[in-house]
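Inside the fold
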Amino acid sequence: MEAHALRARGWSVSAIARHLGRDRKTVRSYLSGERAPGQRKPGGPDRFAAYESYCRIRFGDDPHLWATTLFGEVADLGYEGAYPSFTRALRRRGLRPECEACAAAGTPEEFAVIGHPAGGETQWDWVELPGPPPRWGQGKNAHLLVGALSYSGAWRGVLAECEEQPYLIASLHAVCGRLGGVTRRWRFDRMSTVCHPESGDVTASFAEAAKYYGVIVDVCPSRRGWRKGVVEKANHSAAQRWWRTLPDDVTPAQAQARLDAWCARAGDARRRVRDGERVTVGTLAAAEPLAPLPAVPFPAVIEDARVVTAQALVSWHGNSYSVPPGHGGQRVTVRHRLGAGTVDVVTAAGTVLARHRREPGHAGAVVRDSGHVAALEKKVMAARGEAGRPCRRKERRPPPAAALSEAAAIRGQSGGGATVTDFAAWAAEARPLRPGNQV
């Protein structure tokens, strides 16, 4: 502005440059309009231009997509820029649309900071993830148990079939194994599988599990979700960084492997500042004093109702287990004690139909007992009749005489003007001629 004002007064470019302390070429380019104030000349080719359309499409489909998630996607596509350059390009181009439904949502004005000693607490929470892949057969929601170390912020999650207490205990054991041990205290919200929601008192069944792992159970007060803010933030990260971009063609086992890999690669690489030093979440987690995890889970019993198929198989946790023939269509119970290597199939009366070695979850294995196979083959062959043969489906089978007569009667009735002939008269006329009756 001052350069243009001095130029209008008749000052030369050199005089303006000396007055402003700038180079003459810079002053000349501003006066001629070749350069605009506040706009830097690019130092090289725009590395983001090739990915602009992709980012626009992704934000158009999902306006709440995290920039960190999108940066990981474009990095896999070949983007070579840094994350700050990537976010700056998103802001300059205005690629993220505003969500009208969330525009009026506010945020708290004050936040509480709670201190956590190392190895002192693990925060737990279930996350109901909507819209799982249809091939999983889990209905509207998938269930993920997330456990987060309050001191370091490291977290892990495990997919479960449901949120019942036996599955909760199995998932607790699996998450602690991924975190490397057990803290002194476990913090939950008022879930019915841990405590009585009305009073907050721990249930007797879960108290036994807590004594088995040697932990103290803390229950958050009613309507105090911020008290376990570490795991709440972990839930948010699990939903946005892993679940939101999960493909449809993955199995539960593959989805679990992808989550474990992301937590180890990206989750533990988050940076923190402790005592003036820059460290990562993984480094802090490795230094936490955790108690060793028991070798086997607490022996809770999982019982799931299933229906026997026509092939005398029972599907459970992505595998199929055989039962004796004669139970097709019946409801049975699959029973498994945590820590045991077997699976029992039990009738409604309590009779154990079969006991098999348990296969890894969602391995697609079909476990058949040789006796069940032989009995099923014998029953099927007997039902089909080994001495006979099945009907031939390609034979010529014209309508029989009875069908033709019925068709003729139908046509006669439908005509309305047909003459009805007496059967006795018709038989007398149709009687064959004898030699004595010849004229």
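Below is a summary of the structure that appears in this document. (Residues numbered from 1 in each chain as written. Predicted model: local features only at pLDDT ≥ 70, side-chain atom pairs only at ≥ 80, totals over all residues. Heavy atoms only, no water.)

**A look at the side chain of Asp-268**
Rule in force here: Note on conventions: DSSP H or I runs of at least 4 residues are helices, E runs of at least 2 residues are strands, and numbering of each starts at the N terminus. Each residue is placed in one exposure class: buried if its accessible area under a 1.4 Å probe, protein chains only, is under 20% of its type's maximum, exposed if it is over 50%, and partly exposed if it falls in between. By definition, residues are in contact when any of their heavy atoms lie within 4.5 Å.
Mapped onto the elements, Asp-268 comes out in the loop between helix H10 (252–267) and strand S6 (271–274). Residue class for Asp-268 comes out buried when judged on its relative accessible area of 16%. Ignoring sequence-local partners within four residues, the contact set of Asp-268 consists of Ala-154, Arg-156, Cys-263, Thr-280, Val-281 and Gly-282.

**Quick look at a positive patch on the surface**
As a reminder, the rule being used: Patch construction takes residues with relative accessible area above 30% that form no salt bridge. Like charges are linked within 9 Å, and nonpolar side chains (Val, Leu, Ile, Met, Phe, Trp, Tyr) are linked within 5 Å. Where accessible areas are quoted, they stem from the Shrake-Rupley method and a 1.4 Å probe; at the residue level, only the protein chains shown are allowed to cover. One speaks of a salt bridge when a side-chain nitrogen belonging to Lys or Arg is within 4 Å of a carboxyl oxygen belonging to Asp or Glu. Counted charges follow a simple rule, with Lys and Arg positive, Asp and Glu negative, and His plus the chain ends left uncounted. Charged side chains are reduced to one point each, which is NZ for Lys, CZ for Arg, CG for Asp and CD for Glu.
Taken together, Arg-7, Arg-18, Arg-24 and Arg-28 make up a surface patch of like positive charges. Within the fold, Arg-7 resides in helix H1 (residues 2–8).

**Here we look at the packing of helix H7 (residues 165–179) against helix H8 (residues 204–213)**
Applicable threshold: The angle between two axes is taken between their N-to-C directions and runs from 0 to 180 degrees, where each axis is a line fitted to C-alpha atoms and a helix contributes only its stretch in contact. Roughly parallel here means an angle under 35 degrees, roughly antiparallel means over 145, roughly perpendicular means 65 to 115, and every remaining angle is called oblique. Less than a right angle of anticlockwise turn of the near helix away from the far helix marks a crossing as left-handed, whereas a clockwise turn marks it as right-handed. In the scheme used here, Gly and all other residues not listed as nonpolar or charged are polar, with Ala, Val, Leu, Ile, Met, Phe, Trp, Tyr, Cys and Pro taken as nonpolar and Asp, Glu, Lys and Arg as charged.
Remark: H7 packs on H8, axes separated minimally by 11 Å, with the N-to-C direction vectors making an angle of 15°. When the axis of H7 is compared with that of H8, the two are roughly parallel. With respect to the hand of their crossing, H7 and H8 are arranged in right-handed fashion. Counting all contacts with H7, which are made through Gln-165, Leu-168, Ile-169, Leu-172 and His-173, the residues of H8 involved are Ser-205, Phe-206, Ala-209 and Tyr-213. Residues belonging to the contact of H7 with H8 are distributed by class as follows: six nonpolar, three polar and no charged.

**Considerations on the sheet that holds strand S3 (residues 155–160)**
For clarity, the cut-off: Two strands qualify as a pair provided that DSSP identifies no fewer than 2 bridges between them.
Reading across the sheet, the five strands line up as S3-S2-S1-S4-S5 and stay open at both edges, with mixed pairing between neighbours. Across the chains shown, the open sheet's two edge strands, defined by having one partner strand only, are S3 and strand S5 (216–219). Across the sheet, the mean angle from the axis of one strand to that of its neighbour is 25°, orientation sign disregarded. Where strand S1 (residues 121–130) lies against strand S2 (residues 141–149), nine bridges are found, and the strand directions are antiparallel. By the bridge assignment, Thr-122 is partnered in S2 with Leu-149. This element, H7, spans S1, S2, S3 and strand S4 (185–188) of the sheet and lies at about 145° to S3. Along the sheet, helix H9 (residues 229–243) makes contact with S1, S2 and S3, crossing S1 at roughly 35°.

**Considerations on helix H3 (residues 24–32)**
Heads up, the rule is: Counting of polar contacts relies on pairs of N or O atoms within 3.5 Å, with two restrictions inside protein: one atom must be capable of donating a hydrogen and the other of accepting it, and residues adjacent in sequence are counted only when both atoms are side-chain atoms.
For H3, the capping residue at the N-terminal end is Asp-23, with a side-chain oxygen 2.9 Å from the backbone nitrogen of Lys-25. Once H3 finishes, Gly-33 follows within two positions and takes phi at roughly 90°, a positive value.

**Observations concerning the sheet that holds strand S11 (residues 331–337)**
Pairing is antiparallel across the open sheet formed by four strands, whose spatial order is S8-S11-S12-S13. Whereas interior strands pair on both sides, the edge strands pair on one side only; in this sheet they are strand S8 (301–307) and strand S13 (352–357). Averaged over neighbouring strand pairs, the angle between their axes works out to 20° when direction is ignored. Note that S11 and strand S12 (residues 342–346) share three bridges and pair antiparallel. Bridge pairing in S12 places Val-334 opposite Val-345.

**Here we look at the packing of helix H2 (residues 13–20) against H3**
With their axes 9 Å apart at the nearest point, H2 and H3 run at an angle of 110° to one another. Looking at the two axes, H2 sits roughly perpendicular to H3. Crossing of H2 over H3 shows right-handed handedness. Residue-level inspection shows Val-13, Ser-14, Ile-16 and Ala-17 of H2 in contact with H3, the latter providing Arg-24, Val-27, Arg-28 and Leu-31. Of the residues assigned to the contact of H2 with H3, the class counts are five nonpolar, one polar and two charged.

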